[in-house]
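One letter stands for each residue in the lines below.
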Amino acid sequence: QFVMTAFCVSLPVPAGVFFPIFVLGAAYGRLLGEAMTSWFPDGIHEGQNSIFIHPGGYAVVGAAAFSGAVTHTISTSVIVFELTGQISHIIPVMIAVLIANAAAQWLQPSIYDSIIQIKKLPYLPDIHTKHTHLYNKYVKDIMRRDIIFCSYESTCRQIQQMLQTTDYRSFPIVDNVESMTFLGSIRRVFLERALERALQYNQLQSPSVSYGDLKELEKNGDRPVVD
């Protein structure tokens, strides 16, 4: 199971990560439960009461704790309750998941974050507690306000100037300058193709030709303008 889990994590195709980890944690929990049974065959005596050891309970707790630690989630305890259909182990499962999750977050990132970092995919690091001032930042404090956009009222001359002065790969589209209602985005290659088609139709002779006219021309083509 350990070897198959390593294969599932390292393969370049989706092979499932959670369930192999869940089964591996259950195996470790069962191993500990069997060890406790061999150490205390008659159970644990507390006064006049005897508590018998059930290895299956250790397997349930181990599966929840191990998968919760690897994925950095608390919802694994809920998954365990749904799989077993019982809540008799709710206290040990929740305690084990919380402790395992806290220890794992202090040591290393989750398995999903680790895969993202190994494959060098776009990744946003966590905001640590020592940088609490970042929690007071708003989107308006870091966003760009000088966005170049086009609207249905933009003329072909304005669009041509926009394409010549920028190297953006896409442009936002709004209804008009007054309302600034966002309608979608248009890729640069589609906008250039529509503008070229307008040139072929000799419509640049009229400065009142708008983006809406370009869209009507593009309807006769094979690709849409607006994404």
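Check the entry above for the structure.
Residues numbered from 1 in each chain as written. Predicted model: local features only at pLDDT ≥ 70, side-chain atom pairs only at ≥ 80, totals over all residues. Heavy atoms only, no water.

Caption draft 1: Spatial organisation of the overall build of the protein chain. Looking only at helices and strands, the protein chain has 10 helices and 5 strands in total. Within the span of the protein chain, comprising 227 residues, buried residues form 30% of the whole. A fraction of 53% describes how many contacts in the protein chain between residues 6 or more apart in sequence connect residues 24 or more apart. (Helix = DSSP H or I, 4+ residues; strand = E, 2+ residues; numbered from the N terminus. Buried < 20%, exposed > 50% of the residue type's maximum accessible area, 1.4 Å probe, protein only. Contact = heavy atoms within 4.5 Å.)

Caption draft 2: Spatial organisation of the side chain of Ser 110. If you trace the backbone, Ser 110 turns up in the loop between α5 (90–107) and α6 (111–118). Aside from chain neighbours lying at most four places away, what touches Ser 110 is Val 70, Thr 71 and His 72.

Caption draft 3: Highlighting the sheet that holds strand β4 (residues 170–174). With respect to topology, 3 strands assemble into an open sheet ordered β3-β4-β5, the strand pairing being mixed. One side of each edge strand has no neighbouring strand; the edge strands of this open sheet are β3 (150–151) and β5 (182–187). Its contacts with the sheet place helix α9 (residues 188–200) against β4 and β5, and it is angled at close to 80° to β5. (Pairing = 2+ DSSP bridges. Axes fitted to C-alpha atoms, helices over the stretch in contact; angles between N-to-C directions.)

Caption draft 4: Fine view of the environment of Val 93. Inspection of the secondary structure puts Val 93 in helix α5. Look at Val 93 and you get buried, because its relative accessible area is 1%. For the pair Val 93 and Val 78, spaced 15 residues apart in sequence, the C-alpha separation works out to 9.5 Å.

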